[in-house]
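# Commentary on secondary and tertiary structure
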Amino acid sequence: MAGRAQIPTKSSALIAMIADEFGVVLLCWDTVTGFLLAGVGNVDLRRKTNYLIVDSKTTVKAIEDAFKEFTTKEDIAIVLISQYVANMIRFLVDSYNKPIPAILEIPSKDHPYDPAHDSVLSRVKNLFSAESVASGRR
């Protein structure tokens, strides 16, 4: 379909993860470990990984840089980020507007999910409320 974003098909697309060591970073240790055991982890020839584990020593700049890197790489289709970490770089997450890679905020075991802060859910709600207003439905 014309105008639709395409995932490159030269090789398989990756999932990027950002998490903290407590289950809060772009993902938590437990979450990242589970994904790595499932074969989602990747290290390229330059020794760059498709995940970032955030701990107390990780700077906001490092999180921002990882987010920017993951959202510009052609081989990444989905970026999983814990909502707690997404809140640290909320301005970047909210301003991201490309369909691929998709940004999915997930809960962590130490910080419950708050739908009020989920940028994707907010966009969907705005879309449906705008459609309802346009069609005269409530």
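Residues numbered from 1 in each chain as written. Predicted model: local features only at pLDDT ≥ 70, side-chain atom pairs only at ≥ 80, totals over all residues. Heavy atoms only, no water.

With that settled, consider the overall build of the chain. Scanning the chain from N- to C-terminus turns up five helices and four strands. Going from N to C terminus, the chain has its helices and strands arranged as β-α-β-α-β-α-α-β-α. Burial statistics for the chain: of 138 residues in total, 33% are counted as buried. Taking all contacts inside the chain whose residues are at least 6 apart in sequence as the whole, residues at least 24 apart take part in 64%. For the chain, the accessible area works out to roughly 8,700 Å², and carbon and sulfur atoms hold 58% of it. (Helix = DSSP H or I, 4+ residues; strand = E, 2+ residues; numbered from the N terminus. Buried < 20%, exposed > 50% of the residue type's maximum accessible area, 1.4 Å probe, protein only. Contact = heavy atoms within 4.5 Å. Areas by Shrake-Rupley, 256 points an atom, 1.4 Å probe, with all protein chains shown as cover.)

In a regular helix each residue adds 1.5 Å, so 13 residues correspond to 18 Å; helix α2 (residues 60–72) covers 18 Å between its end C-alpha atoms and thus fits that length. The complete set of buried residues in α2 reads Ile63, Glu64, Ala66, Phe67, Phe70 and Thr71. Projected down its long axis, α2 shows its buried positions confined to an angular sector of 165°, all on one face. The outward face of α2, more than 90 degrees from its buried face, is lined by the exposed residues Lys61 and Thr72. (Expected span 1.5 Å × (residues − 1). Arc of directions from axis to C-beta.)

Further remarks concern the pattern of salt bridges. Scanning the entire structure with this criterion turns up four salt bridges. For Asp65, the salt bridge identified is with Lys61, shortest N-O distance 3.1 Å. Here Lys61 and Asp65 lie together in helix α2, a separation of four residues that amounts to about one turn. Salt bridges linked by common partners bring Arg90, Asp94 and Glu105 together as one network. (Salt bridge = Lys/Arg side-chain N within 4 Å of Asp/Glu carboxyl O.)

Turning to the side chain of Gln83, a few remarks are in order. Structurally, Gln83 can be placed in helix α3 (residues 83–88). Residue classification places Gln83 among the buried positions, given a relative accessible area of 4%. A polar side-chain atom of Gln83 sits 2.7 Å from the main-chain amide nitrogen of Asp114. (Polar contact = N/O pair within 3.5 Å; in protein donor to acceptor, adjacent residues only side chain to side chain.)

A few words on the nonpolar core. Counting 18 residues, the largest nonpolar core has Ile18, Phe67, Phe70, Ile81, Ile89 and Ile103 as its most contacted members. For this core, the element with the most residues is α2, which contributes four residues. (Core = buried A, V, L, I, M, F, W, Y, C linked by side-chain atoms within 4.5 Å.)

A few words now on the packing of aromatic side chains. Taken as a whole and judged by the stated rule, the model has one aromatic pair. Aromatic pair Phe67 and Tyr96: ring centres 6.1 Å apart, planes at 80°, arrangement edge-to-face. You can see Phe67 sitting in helix α2 and its partner Tyr96 sitting in the loop between α4 (90–95) and β4 (102–106), a full 29 residues away along the chain. Grouping residues by exposure puts Phe67 and Tyr96 together as buried. (Phe/Tyr/Trp six-rings, centres within 6.5 Å; stacked < 30°, edge-to-face > 60°.)

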